[in-house]
Amino acid sequence: VNISLRLFVPLVRNFRSHLKTEIEAFVTNVFFVILDSKHSTVDHKNLVVILFEEICSDPQTLAEIFLNYDCDLSAVDLFHRIVNTLSRVAKQGIHDEVGVASMSFVAGAGAVRMERIRSENRQLRLEAMRALRQVLASLHASIVEPMNDSGSEEKDSLEKVDEDDKLDTSVKKVQADTGMGEEDKKTLVQIYDSKKKRRAEESEVVLRFNQKPSAGIKYANQCGHIDATDPAEVARYLLGNKDNFEKTQIGEYLGREPSYQAGFSLKVLNEYVNMLNFTGLLFDDAIKYYLSGFRLPGEAQKIDRIMEKFAERYTNQNPEAFPTADVAFILAFSIIMLNTDLHNPSIKEERRMTKEGFVRNNRGICDGQDLPEDMLNSIFDQIKKDPISLKEDDEAREREGGTKDSGSSIQTALSPAVFFSSHYEDLDKNREHNFQKERDHIVRTTESLLRRKRASARDGEQSPKQTPQKPTSHRRRSVRFVRTEDSGLKDEYVAPMFEVTWGPAVAAFSTAMESANGTLGNLLAIATDGELEHAIENAAETIEVCLTGFKFAICTAGLCGNDTARDAYMLALSRFTQLGSGCVLEPRHVRCIQTLLSLGKDDGEMLGNTWEHVFKALSEIHRFHELFQLMARNDRAAAAAAERRRKRQEERIRNKLEREEREKAIEAGEIVEDEIDEDLESFNEDSLTDEDTYSDDDFLFDDFDDGMDRREIDETNARVVYEAVSEELIEAIYQRSASLSGPSIKKFVYQLCRVSRMEISGYGGHAGSEANTVDLTQAHYRQQHTLLNESLHGTDQPHHNQPNIYNLQKLVEVTHYNMDSRPRLVFFDIWTTVAAHLTSTALHSNAAVAMYAVDSFRQLSTQYLQREELGVFEFQRKFLKPFETVMSKSEHVSIKELLLKCVERIIKMFGAGEENTSKEHSGARHLGTLRSGWRPVLAVLGIAGQDNDEGVSKMGFRMLTEQLDQCLFVEKDTGAVDKSRAGVLLAERFVDLVDALLMYVAGPHEETSLISIDHLVTLTTFLAHESFRLPLIRRRTSGIQRSCSDEKPDDELELWWPILLGISKSMGDPRKQVRLKCMTTLLRIINKYFFPEENTLENGDSKHEEIQTLQLIFRGILTPVLEHADSDAHLGPPPSLPKDFERFATKPPRALPKDRKNSTWLETTFEKFMDGCIKICMRSIDVFKEDILVEEIFAMLNSCTLSDSGGLAVRGLRRLQQFVTKDLNPVIVTDDTWATVCHMLRRCLSVRGLPQPQVNLSEMNGMTDTAHAGENNELIREFIAEESMMQDRRYIGSNVAMIIGSLLSREESLNSMGLRWRLFLTSGLGDGVKEWEEAGKILATHSFGSTEPAPPNYIENAIYGRKWMNKLILQLIQSNPPRKSSIVVQDVLKEQSQSLLTLFMKKETTLLSNGSGATKAPSWEATQLTRVTKLIYEFFGNIDSLDESLLADLSWLFPMLNSCMKSKNETVRRKLHLLQQKIVKFSSFSEVTSDLPTLST
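Residues numbered from 1 in each chain as written. Predicted model: local features only at pLDDT ≥ 70, side-chain atom pairs only at ≥ 80, totals over all residues. Heavy atoms only, no water.

### Quick notes on helix α37 (residues 806–819)
- Taking 1.5 Å per residue as the helical rise, α37 with its 14 residues ought to reach 20 Å, and the 20 Å between its terminal C-alpha atoms agrees with that figure.
- α37 sits mainly inside the fold: 10 of its 14 residues count as buried.
- Among all positions of α37, only Y806, N807, L808, K810, L811, V812, V814, T815, N818 and M819 are buried.
- Considering only its buried residues, α37 is in contact with α30 (611–668), α33 (727–735), α34 (742–761), α38 (824–842), α39 (847–864) and α40 (875–889). (Helix = DSSP H or I, 4+ residues; strand = E, 2+ residues; numbered from the N terminus. Expected span 1.5 Å × (residues − 1). Buried < 20%, exposed > 50% of the residue type's maximum accessible area, 1.4 Å probe, protein only. Contact = heavy atoms within 4.5 Å.)

### A closer look at the environment of L276
- Examined against the element boundaries, L276 turns out to sit in the loop between α15 (264–274) and α16 (283–291).
- Residues L276 and Y289, spaced 13 residues apart in sequence, show a C-alpha to C-alpha distance of 8.9 Å.
- When near neighbours in sequence (up to four residues on either side) are disregarded, L276 contacts L239, Y289, Y290, R313 and Q317.

### Concerning a negative patch on the surface
- Taken together, the side chains of E308, E312, D326 and D367 present a region of like negative charge at the surface.
- With respect to the helices and strands, the residue D326 is situated in helix α18 (residues 325–343).
- A relative accessible area of 55% places D326 in the exposed class. (Patch = residues over 30% accessible without salt bridge, like charges linked within 9 Å, V, L, I, M, F, W, Y side chains within 5 Å. Areas by Shrake-Rupley, 256 points an atom, 1.4 Å probe, with all protein chains shown as cover. Salt bridge = Lys/Arg side-chain N within 4 Å of Asp/Glu carboxyl O. Lys, Arg positive; Asp, Glu negative; His and termini not counted. Charge placed at Lys NZ, Arg CZ, Asp CG, Glu CD.)

### Quick notes on the packing of aromatic side chains
- As enumerated under the stated definition, the model contains 50 aromatic pairs in all.
- Seen from their ring centres, Y290 and F294 are 5.3 Å apart, and the 85° between their planes marks the pair as edge-to-face. This pair shows no difference in class: Y290 is buried, exactly as F294 is.
- Relative to F310, the ring of Y290 has its centre 5.1 Å away and its plane inclined at 20°; by these criteria the two rings are stacked. Of the two residues, Y290 is situated in helix α16 and F310 in helix α17 (residues 300–317); the sequence distance between them amounts to 20 residues.
- On the accessibility criterion, Y290 (0% relative accessible area) is buried.
- The aromatic ring of Y69 is capped on one face by K20, whose charged end is 6.0 Å from the ring centroid.
- Sitting over the ring of F1320, R1242 keeps its end group 4.7 Å from the ring centre. (Phe/Tyr/Trp six-rings, centres within 6.5 Å; stacked < 30°, edge-to-face > 60°. Lys NZ or Arg CZ within 6 Å of the ring centre and 35° of its normal.)

### Structural notes on empty space enclosed by the protein
- Throughout the structure, instances matching the rule amount to 9 cavities of 30 Å³ or more.
- Counting residues per element, the ones that place at least two in the lining of the largest cavity are α56 (1231–1245), α57 (1265–1285), α58 (1291–1305) and α60 (1354–1375). (1 Å grid on protein atoms, 1.4 Å probe; cavity = no way out; pocket = protein on both sides within 12 Å on 5 of 7 lines; lining within 4 Å. Points joined across faces, edges and corners; volume = space filled by probe spheres on them.)

### Concerning unusual backbone geometry
- The backbone phi angle of Q261 is positive, close to 50°, even though this residue is not glycine.
- Mapped onto the fold, Q261 is located in the loop between α14 (247–254) and α15.
- For Q261, a relative accessible area of 37% corresponds to the partly exposed category.
- A positive phi angle, near 60°, is found at Q578, a position not held by glycine.
- Tracing the chain through its elements places Q578 in the loop between α28 (563–576) and α29 (587–602).

### Some words on the pattern of salt bridges
- With the rule as written, the count across this model stands at 59 salt bridges.
- Here R591 ties to E544 by a salt bridge, and the two come within 2.6 Å at their closest N and O atoms. Here R591, found in helix α29, pairs with E544, found in helix α27 (residues 529–560); they are 47 residues apart in sequence, far enough to count as distant.
- When its relative accessible area of 32% is taken as the criterion, E544 is described as partly exposed.
- When the shortest N-O distance is used, the salt bridge between E620 and R623 registers 2.3 Å. Separated by 3 residues within a single helix, E620 and R623 lie in helix α30, roughly one turn from each other.
- Accessibility expressed as a relative area gives 2% for E620, which makes it buried.
- For R623, a relative accessible area of 10% translates into the label buried.

### Re the environment of I1276
- Along the chain, I1276 falls in helix α57.
- Separated by 24 residues in the primary sequence, I1276 and Q1252 place their C-alpha atoms 9.6 Å from one another.
- Sequence-distant contacts of I1276, that is, excluding residues within four places in its chain, are made with P1251, I1338 and H1342.

### Describing the packing of helix α5 (residues 78–91) against helix α25 (residues 494–515)
- One can describe the packing of α5 onto α25 by two numbers: an axis separation of 8 Å at closest approach and a directional angle of 5°. Considered as vectors, α5 and α25 are oriented roughly parallel to each other. Across the interface between the two elements, F79, H80, V83, N84, S87, A90 and K91 of α5 pack against M497, V500, T501, P504, A507, A508 and T511 of α25.
- Each residue belonging to the contact of α5 with α25 can be placed in one class, and the counts come to 8 nonpolar, 5 polar and 1 charged. (Axes fitted to C-alpha atoms, helices over the stretch in contact; angles between N-to-C directions. Parallel < 35°, antiparallel > 145°, perpendicular 65-115°, else oblique. Nonpolar A, V, L, I, M, F, W, Y, C, P; charged D, E, K, R; others polar.)

Printed below as a string of structure tokens:
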């Protein structure tokens, strides 16, 4: 057998291209059967496994097996089956040996036999794992080492041919040998994929068929496996899958009634039977063959249909057997009954059918004649000996019998028979006999398969000659052999091969690793010393094989990109290390640790995301190293203590001897008493010292009993790990990170950061696991380990609770290793991950951990900044950006101070300055290399200024001031533009320096803020002084098109803007001194540096540019300052009201304390700021002779009047009045100016969000009363809500009425604005009064009155506006007599007069109508009527006071006055009558009557 198997290897290696069919037949029908058989010997199995190992050792042979069988739709998955079979053999017997071992306590031949069986099984499993390892090694070699040809001389000669000839020759050879075209070569792996897909579909078909046959057939039809409408295809499919489908379901489907699916199942049964060949078979053998494909159903009618078809088919193929098919049918039925009767366990033996009974039952069935008795006897004997049974039933009975035998193994072992070797000889003979039958079956099956394959091949070769029009590529592909060099593939096939291999391999290796190849468990109790020694050797060799397989698998997975496989292997390997489990580490665990670390050292490129397991292991190894070193120190301390005790003991013995000698001397009279006292005192001191010596021992070994087991385990593991894993190996892993590729180093660093974060946060275990009971942190270990607790007893307690930062330290080292060796772009991808982790660590709640992270930043920055940076790059800024993040988010003062110290050191080493250059230190040669890094450095210093801790703020401000003073000093001292290094901070980072100073201005420390403002003023001096070199941003702008001396103000403004804008924002500071200083500084800068000196405006272009700059400053700097007025307006006093304003419906607010009154922005800053802005405007008029900036002042005041803050709006209105009447020269006030002013005032008269007055609903089209009322109510609710939030806006109405009245009462204003704008304001005031009245009505109707102080009511504003309107009407009549005035003036007079008179009558009518009813009128209406009545009196008095000439022209007033005659107020009627008489007196009757169409008496 050995020779036969050995011959198979060279046949496969050298002639596999000619033996494709034979190889498939031998492997599937011989080798697999031997390995799966329970009767074949272990030696045979061992030989087959070794054969597979040798075959798999050749990568090319293994690849061609995959390409020719697994990638062939017509062939078996040979590679897949080899791998799975080897995996099954590698796990075979490990779990069963516990039961076998229970029999091995017997002595004698039984014990020897069981020992031999265990040894053979261990060796067999080892060989199977070697074969699996060889498969993985070949796959790895297929990628790493390019496949060479078979080494023939033909290839060597072809290498000398030209490329074109070689290609042609290769193509011709491929097509001639394989019959494959280019398309076929490219689809080999695609065929495998489709075959894999088909296997998945077939599995689904089996699942569905076993549940419901029709559903499985339907799904197979959907997948394209069969044509479900063709009975022949369905029958062939059932016959081909009889070993996959449940045979009970097949029988049920074949036996269905004719009505089922229109008789389709019956057609399938006919086709199924016709596909079977019963020619030459004995009748009982034919029945067995027929019933081997399905299980007979239980229903008699179904059995009749199935056996009837069988009888018909058998009779047709064997016409001489029976005269008719009926005879065969009856006999077949009788044989089935006989089989049931003989082999049914429920039938008693005495009731079973005998041979005579069987013959008697079958008499007369052959057309009245009897069948030959010899044939019936033979059938009876065969059925009794070999029953009709399915293979599945036989295997189930065999398994059940094996279980019963194993369950009674102890009784069998105690049987006397087992003590004799003859019993085992009988067992061996029985197994050999069974294997002989299997071997005969193997031979028959193999010969039959080869005959069918050869016949198929011959048919495939002959078919082209007979029918050349039909292609036969499918058949030819199943026979032809594809070689790797002819496949057109490189290593694309390795990935699918590995996909097949890695799962079974990891299962086999893991099983062997867990059990040490079966050496654990009961073996230690039952095995002899010799067996144990061999088992240990076998286990050690098995572990090495498994670990080698792990390495090959992990590397291959990395090369193929199979992350799932790599993760599975690395996870398994990390778990086998047992690190962190609290168990004693065995040699196999140590070897796993070494293998894991060797992978990290030598194959780190392949690990990817699985670096996590390596770093966790390294963290635990570091813990063991620390523990070992601590143990060594304690051992040395204990040895020193023991030496001291020994010396003390010797000293005591010596003293004792001396004392005895002295006592003898005293007795002899040789020593006096004083000397004796001194000796006794010395002796007592020695005794005390001796007690102190023993206290050392108490300190070292006190409480060692607590947790002794755990301590001993850790100490043992520490010694083992320290000896097995060297520091050099650990360091090599981190050092070799510099040689990893770009993608690999990113994953390396990411996983290192991840594990470090787990350590620092106190999280341990594997990522993603639900239960993480293992804590790798140093704090957790110190709390659990007794020895470490004792060593730290009495020391600083918080120290030993610090999180573990081992991986954080290694992260810093890895960053050092990769910083200089990688391109900057690649390194910054790494730095992004590192910086994020260090930043989060620097923000840790534990100050010690955070300080280490900050110091790590300092170390890495020191190294990185040693490389010079080109001007166009900003790598330094990105690198130092985390400093800024940590400074802004850290909560520890100590961290911020340390960070500032780090920044200070960076500035001293890499900044620029004459002072630093004069000092001799190690970093002097790197001075000036800090370029773009200045931005985050200055940002850090600026953020320090916003810190609440005064020490941090002062420290940062000191550093910033030093740099500022140094730069300005160097610039002033040298005066040279070429020395850019000394002034790099001002030359390149001027804006960043300004931003840093502005942060101090906005900081919480007022003294520092005020000094920072002075520094900003210094910078403005630098910008304005011509002797200083211009900052870089200015040079870049000016260097494009013009020289520095020919710059425009817009370019220079780009440098001024940050200072101006920053100071402008600081004007909103809540501290009065700071904002006032910012205001004065801002205004002084604008006046000083943005106005030309006298007689310097040479041309119009320069003048235009200067004015344009001032416009930009007004719009972008000065106007936004007014936004600060809303910040604290609610804290100050309410807006002021006109002096003659009268409150009759509301109460004035209470007076505020003096400190609050004079502390708000409006009270302290607004007036001064507006005065400064107006002065700038007036100065621009004087300098540039243009009033363009007047529009900017109006824009600022307009933003005030439109503000939500009533206080700001009122102050804006007052300042507008002052600006127009006092500040502006009347000469430059034009009609456009008045247009702007009048429109501003007119907008202030309107009420925001006021709903429109209700109209007559009957006149509306398309809207129902309900819809209109709902919409109006919604608008009213919105208006009330808005009014409740902005009540201060009510102060605006009275003030704007006062301002309009003042302007229209001022002669200079009237002369300047003209009649147009006078009438515009007058009518606008009238419209505003109407809106106020409507708003007052809504608020009074829909809100409850309040006695609390509140802003003025809209009704109060309306009454105040009516007062001014009376005055304006009188002034308008006096200055524009009606006869001489235009129609527009008359319309305004009529409209406003009619409005007052109509309001009076309406209010009186409403009040009287409400008062007469059940409900009294609201009090606000009565109050309003009283005020309106006074206005009527005033109006009548004003008219009455006019000159006679003016009264004569007021005939248009009669209709309005006549409407008031209906008033119930007697005084009104009397005054009205007197006024009418006076008008009639000075007017002609015709003029009066023309205006009175109906005059009542």
